[in-house]
Amino acid sequence: MVEAKGMVYYIPLRYKEVRKQGKKRIITKPLLPSLIFVHASAEQVETLLHNIKIVANESRALLSYYFDHTIHLQDNPNRNPPLTIQDEVMNNFICLTSIKNPHIIPVTSNSIQFKLGDNVVVTEGEFKGVHGRVARIAGQQRVIVELFDECLVATAYVPREAMKKYE
């Protein structure tokens, strides 16, 4: 439906390594089930949401916003605005989640410790160009990309020599 309206969208997938009949295979699963990212103006999204005639059940629309629970609308302090993501952050997220690597894992901010705010860009390998923060997860040094509050994605191991700091 979104594509039919001419809108650009992204559905992130997670690549998982499994063994079937003794052979290693990589399968895809949704990284964030039930979420679709749409690059559009607020007016375009409103039109999409209100013009859909199909409903999942009688009380709920097929598509709806994901709301930003960290802030409130100025004119209505009891409501949250729809979540919007900056282009640079979304581009990093797409780059990271488009790589067919089973070692990229979703994490929450509670499960990582940033190293004193070290912002880095990966300079070598399949993650080259990804901007993020250094963290240790599962005993390995990884780069974390934050899509929005509490939604982060971690690369596979990145050696120190394949990163450089940036401000």
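Look a little higher up for the structure.
Everything in this summary refers to the structure shown in the same document. These numbers come from a predicted model, not from an experiment.

**Concerning the overall build of the protein chain**
Along the protein chain, the regular secondary structure elements total two helices and 12 strands. Along its sequence from the N terminus, the protein chain presents helices and strands in the succession β-β-β-β-α-β-β-α-β-β-β-β-β-β. In the protein chain, which comprises 167 residues, the proportion classed as buried is 32%. Residue pairs in contact within the protein chain that sit at least 24 positions apart in sequence constitute 54% of those at least 6 positions apart. By element, 50% of the accessible surface of the protein chain is carried by carbon and sulfur atoms, the whole surface being about 11400 Å².

**Things to note about the pairing of strand E11 (residues 151–154)**
Burial along E11 is two-sided: the face carrying Cys151 and Val153 and the face carrying Leu152 and Ala154 are both buried. The pairing of strand E7 (residues 105–107) with E11 spans three bridges and is antiparallel. Counterpart to Pro106 in the pairing with E11 is Val153. Direction of pairing for strand E10 (residues 140–148) relative to E11: antiparallel, over a ladder of four bridges. What sits directly across from Glu146, in E11, is Leu152.

**Overview of the side chain of Thr97**
Relative to the helices and strands, Thr97 is located in helix H2 (residues 87–97). By relative accessible area, which is 4% here, Thr97 ends up buried. Polar side-chain contacts of Thr97 include one of 2.5 Å to the side chain of Tyr10. For Thr97, the residues in contact, after removing those within four places along its chain, are Tyr10, Pro12, Leu13, Tyr15, Leu31 and Val153.

**What about the packing of aromatic side chains?**
Within this structure, the stated rule accounts for four aromatic pairs. Ring centres of Tyr65 and Phe67 lie 5.9 Å apart, and the angle between their planes is 55 degrees; this geometry places the pair in the tilted category. Here Tyr65 falls in the partly exposed class, since its relative accessible area comes to 23%. By relative accessible area, which is 27% here, Phe67 ends up partly exposed. In this structure an aromatic cluster arises from ring pairing among Tyr10, Phe37 and Phe93.

**Considerations on the layout of surface pockets**
The volume enclosed by the largest pocket comes to roughly 1100 Å³. In this structure, the largest pocket is lined by 37 residues; those nearest its centre are Ile36, Phe37, Val38, Tyr66 and Leu83. At the level of secondary structure, the elements contributing two or more residues to the lining of the largest pocket comprise strand E1 (8–10), strand E4 (37–39), helix H1 (42–51), strand E6 (60–61) and H2. Classifying every residue of the lining of the largest pocket gives 29 nonpolar, six polar and two charged. Of the volumes computed, that of the second largest pocket is approximately 270 Å³. In this structure, the second largest pocket is lined by 14 residues; those nearest its centre are Asp68, Leu83, Leu147, Phe148 and Asp149. When residues in the lining of the second largest pocket are grouped by element, the largest group, three residues, is from E10. In the lining of the second largest pocket, the residues fall into seven nonpolar, four polar and three charged.

How each quantity is defined
Residues numbered from 1 in each chain as written. Predicted model: local features only at pLDDT ≥ 70, side-chain atom pairs only at ≥ 80, totals over all residues. Heavy atoms only, no water. Helix = DSSP H or I, 4+ residues; strand = E, 2+ residues; numbered from the N terminus. Buried < 20%, exposed > 50% of the residue type's maximum accessible area, 1.4 Å probe, protein only. Contact = heavy atoms within 4.5 Å. Areas by Shrake-Rupley, 256 points an atom, 1.4 Å probe, with all protein chains shown as cover. Pairing = 2+ DSSP bridges. Polar contact = N/O pair within 3.5 Å; in protein donor to acceptor, adjacent residues only side chain to side chain. Phe/Tyr/Trp six-rings, centres within 6.5 Å; stacked < 30°, edge-to-face > 60°. 1 Å grid on protein atoms, 1.4 Å probe; cavity = no way out; pocket = protein on both sides within 12 Å on 5 of 7 lines; lining within 4 Å. Points joined across faces, edges and corners; volume = space filled by probe spheres on them. Nonpolar A, V, L, I, M, F, W, Y, C, P; charged D, E, K, R; others polar.

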